[in-house]
Structure formats: C-alpha cells, structure tokens
Amino acid sequence: MKRGDVLYDIGANVGAISFMAWAVAGGDCAVYAFEPGYANFSALCGNIYLNRAERGIIPFPVALGAENGILNFQYTNLSAGYALHALEDPGRLDPDTKEYVFCHPVLVFSLDNFIAEFGLKMPNHIKLDVDGGELQVLRGAAGTLKNPSVRSMQIEIQETSSQAPEIFAIMKSSNFRVTRRNKSKTPDTPNFVFERV
C-alpha cells in the first residue's frame, strides 16, 4: 500500500487487513471492506469508529459472488472474529462434515456489477479470503481483473481443492503471476500473492 492507493478487502471479518493497509498508507487511502457476517460486520464498524477511520475504511454488509442475487449465509459460530462461514453453494458444502448454527439471506453482487452500479474507485490491491468461495468471486470480477489499475492480489487458495486449477487459470489469463506463497494456519490453504505481469 502506498498513499492514495485503493484496497478491496473481500472477506474483511473484523478488519485486521483493512486496518493494516490503512496504517501503512498513513490513513491516506481508500479501503472497501466487504463482510456479510452480521457479528463481524458490527465489530468491523465498531473498530472503524474506535480508530476514527471512517474516512478511509468503508464497510459494505454484502457478499461477493459470480452474479447478483440473494443467497443464505451460513455460520459456524455467531461470535465476532470467527471465520469458516459459507455462502450457500450446494456444489461446495458438505452437510456431513460441517455444521452450521444459523443462516440468513444476504445480498450478493458480482464485483464488476458492484463497482459499476455504485461508482467505486477501481482497486489497486485486492485481498480475497472467503473460506472456499474465492472462485465464485473471481468469476464475477473478470472486468476488474483486466483493469491495469489492479496491481496485486492476495488470495487464500486451498491447493487440494478442485477449484484451485481454475483460480490459477483465471489469474494467469488476467496477466497475473504468483510472486509469493505465504503460509497459513491450515497447511494446504496458503495465501498466494499475485502481481500484474
């Protein structure tokens, strides 16, 4: 992040990445933080208030996906800060291995449509961590990824997933290459940093 940069924090949770970017840029940046989970979104807004960051970090209580619509957002835990929730996707969820304690409908937009519809600034950087829904977000962001303003992306990718090859293919066809592979708490789900070629 540099002063004046724009970051999209997709799957912002309570805002850890948003605030790091905001601090690195000395508060002179725009961070659009997308978080559909109600407890995380509430904590995110509270953190923005406590840090007086409302001019730099703009929260949106929506999910991003392949297309616009309404889908159920399914929770593993109702406390703020928890992750591993899921946007309804019958092809991805395994009811035998995951238990969800609550779900409610959320608005879902494709990233391309959200930017066009609401006039957001084009991002310079994107962080994408939505616990298995990354491919759907990328499918809805084809135009954004082709825009030369986007210089880098950090994506959490489960390498053993059947979705991984398509994620890497989308990034390659959008003129990005992997420049770093960062470890995560889950060994087979590292964060990959992509930069524009």
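Visitor: Just give me the short version of helix α2 (residues 38-50), but keep the residues and values in it.
Guide: The end-to-end C-alpha distance of α2, which contains 13 residues, comes to 18 Å, matching closely the 18 Å that a straight helix rising 1.5 Å per residue would cover. Residues A39, N40, F41, L44 and I48 constitute the buried set of α2. Structurally, α2 contributes buried residues whose contacts are with α1 (16-24), β2 (30-34) and β3 (57-60). Residue R52 follows α2 closely and has a positive phi angle near 50°.

Visitor: Can you explain the sheet that holds strand β8 (residues 125-128)? Please cite residues and give values.
Guide: Paired through backbone hydrogen bonds, the strands of a sheet run either parallel or antiparallel to each other. Read from one edge of the open sheet, 7 strands run β3-β2-β1-β8-β9-β11-β10, paired in mixed fashion. Strands at the two margins of the open sheet, each flanked by one partner only, are β3 and β10 (176-182). When the angles between neighbouring strand axes are averaged without regard to direction, this sheet yields 15°. Bridging between strand β9 (residues 152-156) and strand β11 (residues 191-196) involves 5 bridges; their strand directions are antiparallel. Each bridged residue has a counterpart across the sheet, and for I155 the counterpart in β11 is F192. Each of β1 (6-10), β2, β3 and β8 touches α1; the most contacted strand, β1, lies at about 170° to it. Packed onto the sheet, helix α3 (residues 111-118) meets β1, β2, β3 and β8 and runs at close to 130° relative to β1.

Visitor: I'd like to hear about the packing of aromatic side chains, residue by residue, with values.
Guide: Tallied over the full model, the rule gives 17 aromatic pairs. Three or more aromatic residues joined by ring pairs form one cluster here, namely Y8, Y32, F34, F60, F109, F114 and F118. Positioned over the ring face of Y49 is R52, at 4.5 Å from the centre of the ring.

Visitor: Give a detailed account of the nonpolar core, specifying residues and quantitative values.
Guide: Counting residues in each nonpolar core, the largest one holds 32 residues, and the members touching the most others are Y8, I10, F34, L111, L138 and M153. Among the elements of the structure, β1, β2, α3, β8, α4 (134-139), β9, α6 (164-173) and β11 are those that each provide at least two residues to this core. Looking at this core, the element that brings in the most residues is α6, giving 4 residues. Look past the residues within four positions of L111 in its chain and what remains in contact with it is Y8, I10, F34, L64, G65, I126, G140, A141 and T144. Counting 14 residues, the second-largest nonpolar core is a separate cluster that includes L7, F19, F41 and L44.

Visitor: Now, about the pattern of salt bridges: what can you tell me, with residues and values included?
Guide: The tally for this structure, following the rule as stated, stands at 4 salt bridges. Here D9 and K127 are joined by a salt bridge, their closest N and O atoms 2.6 Å apart. In this pair, D9 sits in strand β1 while K127 sits in strand β8, placing the two residues 118 residues apart along the sequence. Ionic pairing is found between E166 and R139, a salt bridge with its closest N-O pair at 2.8 Å. Highlighted residues: E166 in helix α6 and R139 in helix α4, separated in sequence by 27 residues. Judged by relative accessible area, E166 falls into the partly exposed class, the value being 32%.

Parameters and conventions
Residues numbered from 1 in each chain as written. Predicted model: local features only at pLDDT ≥ 70, side-chain atom pairs only at ≥ 80, totals over all residues. Heavy atoms only, no water. Helix = DSSP H or I, 4+ residues; strand = E, 2+ residues; numbered from the N terminus. Expected span 1.5 Å × (residues − 1). Buried < 20%, exposed > 50% of the residue type's maximum accessible area, 1.4 Å probe, protein only. Contact = heavy atoms within 4.5 Å. Pairing = 2+ DSSP bridges. Axes fitted to C-alpha atoms, helices over the stretch in contact; angles between N-to-C directions. Phe/Tyr/Trp six-rings, centres within 6.5 Å; stacked < 30°, edge-to-face > 60°. Lys NZ or Arg CZ within 6 Å of the ring centre and 35° of its normal. Core = buried A, V, L, I, M, F, W, Y, C linked by side-chain atoms within 4.5 Å. Salt bridge = Lys/Arg side-chain N within 4 Å of Asp/Glu carboxyl O.

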